[in-house]
Amino acid sequence: QVLSDVFNAPVYTIDTANSACLGSAYRAIHGLVAERNVSLADVVKSAPEPRLAVTPTAGAEELYRPLLKRYAELEQKVIYNPTSSC
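The structure displayed is predicted, hence computed values, not measured ones.

K.L.:
Describe helix α2 (residues 19-33), and please don't skip the residues or the numbers.
P.N.:
Under the 1.5 Å per step criterion, the end-to-end length of α2 is 21 Å for 15 residues, consistent within 8% with the ideal 21 Å. Of all the residues in α2, the buried ones are Tyr-26, His-30 and Val-33. Along the long axis of α2, the arc covered by the buried residues comes to 75°, so they all point the same way. Looking at α2, the residues exposed on the side facing more than 90 degrees away from the buried face are Ala-20, Cys-21, Gly-31 and Leu-32. Lining the buried residues of α2 we find α3 (40-43).

Cut-offs applied
Residues numbered from 1 in each chain as written. Predicted model: local features only at pLDDT ≥ 70, side-chain atom pairs only at ≥ 80, totals over all residues. Heavy atoms only, no water. Helix = DSSP H or I, 4+ residues; strand = E, 2+ residues; numbered from the N terminus. Expected span 1.5 Å × (residues − 1). Buried < 20%, exposed > 50% of the residue type's maximum accessible area, 1.4 Å probe, protein only. Arc of directions from axis to C-beta. Contact = heavy atoms within 4.5 Å.

Written as structure tokens, this is what we have:
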């Protein structure tokens, strides 16, 4: 639910063990075939069907939008000036 609220997006899951590993494997395959103009959508056509797990909580975007903006600003500070303190 937290991911859905923070990013104001629905979260889908698949019924498989180690789904993060599966996602990484699909990205690796995509990298191998990218020079042949194969899209990621084509690579994952054989993936298990996703199931909607949660949707954003009403009003959560108002809370998280300014926090995401602040996080992005801090991230840029660290990237472009890693020795400064935030």
